[in-house]
Amino acid sequence: MDILYLLIPLSLLLVALIVAGAVWAVLNGQFDDLDSPAHRILEDKGNE
Amino acid sequence: MVAKYPEILSGGEVAGFSPALAERYIERQGENRTRAVLSVSGISCGGCIRRIESQLMDVPGLCMISVNPVSHRATVVFDHRSLALEKIASQFEAIGYPATPYQPREQEVRIESERRQALLRIMVAAALGMQVMMIATALYFGEAYGMNDVLRTTLEYVAMALTVPIMVFSARPFFEQAWKNLKHRQAGMDIPVVLALTVAFCGSVWATLGHAGQIYYESIAMFVLLLLCARFLELSARRRSLGAVLNMEKSIPDCAIRLDADGEPVRVDVRELVAGDRIVIQPGDIILADGKIESGRTAADESVLTGESRPVEKEPGGQVVAGSVNLESPILVRVSAAAPDFAVSRILRLAETAQSGKTRTALMADRVASYFILAVLALAATAGVSWWISDPSLWLAVVISTLVVACPCALSLATPTAFVAAMGRLSRRGIVPMKGEFLENIRSVDHVVFDKTGTLTTGRPRLKSVDTVQGWDRSEALSIAASLNRHARHPFAEAFRAAIEEDRHADYREIGDLSARTGSGILGKVGRDRVAIGSARFIGELVGETDRVFSRKPEKGRSLCYLACEGRTVARFELDDALRDDARAVTGQLKGMGYGLVLLSGDSCDAVERVAGEAGIDDRHGEMSPNEKLEYVRRLRDDGRRVIVVGDGINDAPMVALADVSITMGQASDLTRLHSDAVLLNGRLTGIIEVLEVAWKTRRIIRQNLSWALGYNLLAIPCAMFGLVPPWLAAIGMSTSSLIVSGNAMRLGRARRSPRSRAGA
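Residues numbered from 1 in each chain as written. Chains lettered and ligands numbered in written order. Predicted model: local features only at pLDDT ≥ 70, side-chain atom pairs only at ≥ 80, totals over all residues.

Caption draft 1: Up close: the overall build of chain B. Helix and strand counts for chain B stand at 26 helices and 29 strands. Counting the 761 residues in chain B, one finds 45% classified as buried. (Helix = DSSP H or I, 4+ residues; strand = E, 2+ residues; numbered from the N terminus. Buried ≥ 20, exposed ≤ 12 C-beta atoms within 10 Å, placed from the backbone.)

See the structure below:
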């Protein structure tokens, strides 16, 4: 079971990455408007 | 005194912005790029958004545009050197979607940042909590199948390290709230939460450090995550309803329309006004500064100064006071003193809607909950002490279980969730609730008072027939009538403009010397002939005779308008305001439910008689002034009746303020709507029935929720005190109970049609 001593720090690293990603997404406003994109996909043409 | 048409009294929409005002709505993004947000009305589908975006992209100087389909706000980035904000707004208007520059309200900014914070806390709690949970599983198995001490201790330390951020960051709002409660000596529901968290965490750390006891890190993580999620949902509901209310505002509250030296209207910030400025005040707007009326005749609501909501008549030359409300018709005011601060703050306060504010039932639930919390704290302490004496190894688990299992969430959630769900359902059906408590007040109501024009009727009169004297034909009379009414704001004017479009022989004429007498008629000149259009009384006073010159008698119940030319009456127009399609069905249903119906109107008794007859209302009163309407409602209330007022006009405003519950139609002015309890945005009277149904359903749900919460606690607390509930089970029990309560409330959100009588609910 010694492998756990490697896997636990790895899992902690993963968690740190997840949290960092989530924080980045929230502070970047990715969650501010959850409605527009859902509607935009129904439009026939892209915006640009 | 007469006023010049059309610039002064109808020019509000086309006015530009003063530089200082425009500055408030734009955000400089570098040398030539500027960002602004506009609130757009008229969007009904994704197609509209597509149309707006593609059509406006062609406007030179506009770099980027994006429209949010839910909040109906457009974000534009443009070059401010070649394009002005009002130019963009007028482009929106030109393609059929009127837009107003939008500045987020303080409330909204606060909710937005709270929401980001809450999301962060949830994410941290979820990500770390998952790891803690995994470690807990390993430890459970270790307990059962054996695990070496080093590994166990390592896992426990890792779990502790992961729980620290949850306690410090994610659970922080609970600690803050509990501290606030303590400072104010209140027993809020965050106190047991914080106690349970602290006790559980300290106990676990103690155990981790090698002393006796259990660890509860996974219970802590789960508990925090569930509580955060519940609060996030509540916050989202609040954000949605606030957005819906703010979107209805068509005008900018603290903005005045000032006429510059050439008589051109410009929109300015209230704080820019100085003595000597001339400002236009539309009906329904707040009078923004002290001053003297230069033209226009109206009534003002000065209740802010006198406390009396009875309208005060205002004539040209009369004084108006900042902070009062213009009720009847547009006026031109010469400002005598700059807008005082209190008036400005009052305007802003009015615009900050009454969204917050707990309902009475919720307040009562909170009070009950606070006693309940004190009782739980006492019980937990008792249980802890008794277990300490009898079996010291278990006392911590029992205390935590008791605190967690009894978490009064269910009790506190019982009422607000039901209201949030009910309001959400109403919003989806085109009924915007402005205040929560009306759902409580509406249950005791026994009378419904209707206004006529615009409420029971469509408010869009149509021209039914034209009688002319010898030598005049229909098209000729219609041409002149419509030309006189070309820029007028009266609902009848609309009817003439619609009629001239349909008559191929009629066309707009050049009108000279145009002047209006508010509420009576309009004067002007066609070529060298003096012409006038107006009510029977106005034309009668002007030329002496009205109906006698026509051979045919007008049909009963129609509104009449007369055209005079060179001192004699030449044409009579019959106008008719059709009943709304659903009016009869609604009045019938309300009668069936046992409500007393009343129709109060300022229109002629004849017209009122006809509409009341069609709608089946026996208790009807015509030719009533806003004052008499107010008195009537007051009398009803003095007799112990509880009244719903359904109205639309600014002249209904006093009555609306007095009623137990007021419902206004969507086209009412901003101010009337802000004062009412609910707005029927879709303009369908069936909304009233729906509101009543939802109110009764809400009450039933609240009762169910409260009895569930009480029953659950009566059962769970004794079990926890006797040590029958381990902490993890307590956390599950608590959250299940909260979920059941919220889920039950969400049933309100589902729209199922089931007409119900009042007695049966």
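Caption draft 2: Highlighting the overall build of chain A. On a plain count of helices and strands, chain A comes out with 2 helices and 0 strands. Classification of the 48 residues of chain A by burial places 2% in the buried group.

Caption draft 3: Just the interface of chain A and chain B, in detail. Each partner contributes residues to the interface: chain A has 18 residues there, and chain B has 16 residues. For the side of chain A that touches chain B, the elements supplying multiple residues, two or more each, are α1 (4-27) and α2 (36-40) of chain A. Per-element tally for the side of chain A that touches chain B: the top contributor is α1(A), with 9 residues. Looking at side-chain class alone, the side of chain A that touches chain B contains 11 nonpolar, 4 polar and 3 charged residues. (Contact = placed C-beta atoms within 7 Å. Nonpolar A, V, L, I, M, F, W, Y, C, P; charged D, E, K, R; others polar.)

Caption draft 4: Seen up close, helix α26 (residues 727-746) of chain B. Under the 1.5 Å per step criterion, the end-to-end length of α26(B) is 28 Å for 20 residues, consistent within 8% with the ideal 28 Å. Of the positions making up α26(B), those classed as buried are B:P727, B:A730, B:A731, B:G733, B:M734, B:S735, B:S737, B:S738, B:V741, B:S742 and B:A745. (Expected span 1.5 Å × (residues − 1).)

Caption draft 5: Geometry of the pairing of strand β25 (residues 596-600) of chain B. All names here are of chain B. In terms of residue burial, β25 counts as a mostly covered element, since 4 of its 5 residues are buried. Where strand β18 (residues 447-451) and β25 come together, 5 bridges link them in parallel fashion. Counted as the bridge partner of V448 is L597 from β25. Bridge count between β25 and strand β26 (residues 619-621): 3 bridges; the pairing is parallel. Among the inter-strand pairings, L599 is bridged to a residue of β26, identified as R620. (Pairing = 2+ DSSP bridges.)

Caption draft 6: Structural context of the sheet that holds strand β16 (residues 331-335) of chain B. All names here are of chain B. Here we have 7 strands laid out as an open sheet, ordered β2-β9-β8-β10-β16-β11-β14, and mixed in their pairing. The open sheet is flanked by β2 (16-17) and β14 (319-320), the only strands paired with a single partner. In this structure, strand β8 (residues 255-259) lies alongside strand β10 (residues 278-281), joined through 3 bridges in antiparallel fashion. In the sheet register, L259 faces β10, and the bridge partner there is R278.

Caption draft 7: Spatial organisation of the confidence of the model for chain B. All names here are of chain B. Mean pLDDT for chain B: 79, with 85% of residues reaching 70 or above. Looking across chain B, the model is least confident in strand β1 (residues 3-4), with a mean pLDDT of 39, and most confident in helix α6 (residues 149-170), with 93. Here residues 1-13 is modelled with pLDDT under 50, and outside its nearest four sequence neighbours on either side it reaches 35 contacts, counting other chains as well. Throughout residues 351-358 the model reports pLDDT below 50, and contacts reaching past four residues in sequence, or to other chains, amount to 13 contacts. Predicted complex, confidence summary: ipTM 0.88, pTM 0.65. (pLDDT = per-residue confidence, 0-100.)

Caption draft 8: Representation of the pairing of strand β9 (residues 265-269) of chain B within the structure. All names here are of chain B. Bridge count for β2 against β9 is 2 bridges, and the pairing is parallel. Within β9, the position partnered with G16 by the bridge is V266. Between β8 and β9, which pair antiparallel and follow one another directly, the connecting turn spans 5 residues, one of which, G263, has a positive phi of 85 degrees.

Caption draft 9: Region of the structure containing helix α25 (residues 686-721) of chain B. Over its 36 residues, α25(B) extends 52 Å from the first C-alpha to the last, a length consistent with the 52 Å expected when each residue adds 1.5 Å. Just past α25(B), the residue B:G723 takes up positive phi, approximately 80 degrees.

Caption draft 10: Molecular detail of the packing of helix α8 (residues 190-208) of chain B against helix α13 (residues 395-405) of chain B. Residues and elements named next belong to chain B. Direction vectors running N to C along α8 and α13 enclose 155 degrees, while the axes themselves pass 9 Å from each other. Here α8 is positioned roughly antiparallel relative to α13, judged by the angle of their axes. Judged by the twist between their axes, the crossing of α8 over α13 is left-handed. Every residue of α13 that contacts α8 at P192, L195, A196, V199, A200 and G203 is listed here: L396, V399, I400, L403 and V404. Residue classes in the contact of α8 with α13 are distributed as 10 nonpolar, 1 polar and no charged. (Axes fitted to C-alpha atoms, helices over the stretch in contact; angles between N-to-C directions. Parallel < 35°, antiparallel > 145°, perpendicular 65-115°, else oblique. Left-handed = near helix turned anticlockwise from the far one by under 90°.)

Caption draft 11: Broad picture of the sheet that holds strand β13 (residues 312-314) of chain B. All names here are of chain B. Here 3 strands make up an open sheet; going across it, the order is β13-β12-β15 and the pairing antiparallel. The sheet is open, and its two edges are formed by β13 and β15 (325-326), each paired on a single side. Bridge analysis of strand β12 (residues 298-301) against β15 gives 2 bridges, and the strand direction is antiparallel. Paired with A300 across the bridge in β15 is N326.

Caption draft 12: Here's a closer look at the nonpolar core. All names here are of chain B. Ranked by size, the top nonpolar core spans 134 residues in total, and within it I220, A221, V224, I644 and V691 carry the most contacts. Per-element tally for this core: the top contributor is α25, with 14 residues. Leaving out residues up to four positions away in the same chain, V691 has contacts with L426, I431, I442, I663 and A678. Counting 45 residues, the second largest nonpolar core, distinct from the first, contains I52, I257, V280 and I331. (Core = buried A, V, L, I, M, F, W, Y, C linked by C-beta atoms within 7 Å.)

Caption draft 13: Highlighting unusual backbone geometry. The phi torsion at B:E566 lies on the positive side, around 45 degrees, for a residue other than glycine. In this fold, B:E566 is placed in the loop between β23 (559-565) and β24 (568-576).

Caption draft 14: Inspection of the environment of B:G640 at higher detail. Tracing the sequence through the fold places B:G640 in the loop between α22 (626-638) and β27 (643-647). Spatially, the C-alpha atom of B:G640 lies 9.8 Å from that of B:D446, the residues being 194 residues apart in sequence.

Caption draft 15: Region of the structure containing the environment of B:S738. Residue and element names in this part refer to chain B. By the element assignment, S738 lies in helix α26. Taking the number of C-beta atoms within 10 Å as the measure of exposure, S738 has 25 and is therefore buried. Sequence separation between S738 and A230 is 508 residues, and the spatial gap between their C-alpha atoms is 8.5 Å.

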